[in-house]
Amino acid sequence: MSKAAHTAPADMAAAPLIRLRGVAKVYGEGALAVHALKSVDLDIARGEFVAIMGPSGSGKSTAMNTLGCLDRPSSGQYWFQGVRVDALTRDQRALLRRRYFGFVFQGFNLLARTSAQENVELPLLYRGESASARKAAAARALDSVGLKGWEHHTPAELSGGQQQRVAIARAIVTQPAVLLADEPTGNLDTHRSFEIMDLLWHLNHDQGITVLMVTHETEMAQYARRIVRFVDGLVDSDAANPEPVVPQDMQADTRTGPALEPGPETPPAPVLAGELR
């Protein structure tokens, strides 16, 4: 019998897209226990671009894994669109992750002997989409990241920046509500890094996708409208970026703030909870 998803009480009706309350993560036991997160409180609104920073061992990657349902908190509450994520079963968390989250990693994680088109189609294959639907959606995603005409090239035939664009296309092909990027420019040179950051900026600004990015690079974090810093498993600071970087192709456009077009909709808590039953 499946476990029913917990929905938010009435006083959380206006809650943000993501809410962490008292979230802790402990690895190991006793004297060997490592407290990776310590009672973290964090709210993330739909459409935000948030950079998560901190030194090695600060808890930023653990926080990202928790937000992306790749790991489960040891204690505390994690709410996503009014649903208690920490109370879900493993299968329910996998379903939530598959439907509402896209992931981009430092190492690209592309299948080496598979074309860009086929790499991007993979998430849709797992969803059981038809071949024609997969092909059309993957083509649109590749076009949106500037890789139209490169569909049949394998990773070995692409530059590092192009490989990361394929990885981003794969992450957005399912039209996720949230894009989680873990050191997305870590393996790229400076020029390619700024190209990828421009792309992430446009996905957030133009499509309204909520972007959460872990980075240790201050220059890359400046693209975010908000910067959260972790130290020793705690949120050390959480502040708006007063002067976020704007891509050169948008610098003549003085519009600021949330995306101009509505982003991917997430269903209200009762609907989402029903999907996760």
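None of these values were measured; they are calculated from a predicted model. (Residues numbered from 1 in each chain as written. Predicted model: local features only at pLDDT ≥ 70, side-chain atom pairs only at ≥ 80, totals over all residues. Heavy atoms only, no water.)

**Here we look at the sheet that holds strand β9 (residues 226-231)**
And then number 1: Sheet architecture is open: six strands sit in the order β6-β7-β8-β3-β9-β10, paired in mixed fashion. Here the strands that pair on one side only, and so sit at the sheet edges, are β6 (101-105) and β10 (234-240). Each strand of the sheet is rotated relative to its neighbour by a mean of 15 degrees, with strand direction disregarded.
And then number 2: Inspection of the sheet shows strand β3 (residues 49-53) paired to β9 by four bridges, in the parallel sense. Across the sheet, Val50 pairs through a bridge with Arg226, a residue of β9.
And then number 3: Most of the contacts of helix α2 (residues 90-100) go to β6, to which it runs at about 80 degrees, and overall it touches β6 and β7 (178-182). (Pairing = 2+ DSSP bridges. Helix = DSSP H or I, 4+ residues; strand = E, 2+ residues; numbered from the N terminus. Axes fitted to C-alpha atoms, helices over the stretch in contact; angles between N-to-C directions. Contact = heavy atoms within 4.5 Å.)

**As for the side chain of Arg134**
And then number 1: In this fold, Arg134 is placed in helix α4 (residues 131-144).
And then number 2: The class for Arg134 is buried, based on a relative accessible area of 16%. (Buried < 20%, exposed > 50% of the residue type's maximum accessible area, 1.4 Å probe, protein only.)

**A short note on the sheet that holds strand β1 (residues 18-27)**
And then number 1: With respect to topology, four strands assemble into an open sheet ordered β2-β1-β4-β5, the strand pairing being antiparallel. In the strand order of this sheet, the two ends are held by β2 (34-44) and β5 (83-84), each with one partner.
And then number 2: With seven bridges joining them, β1 and β2 adopt antiparallel strand pairing. In the sheet register, Val26 faces β2, and the bridge partner there is His35.

Read these as spatial facts, not as claims about activity.
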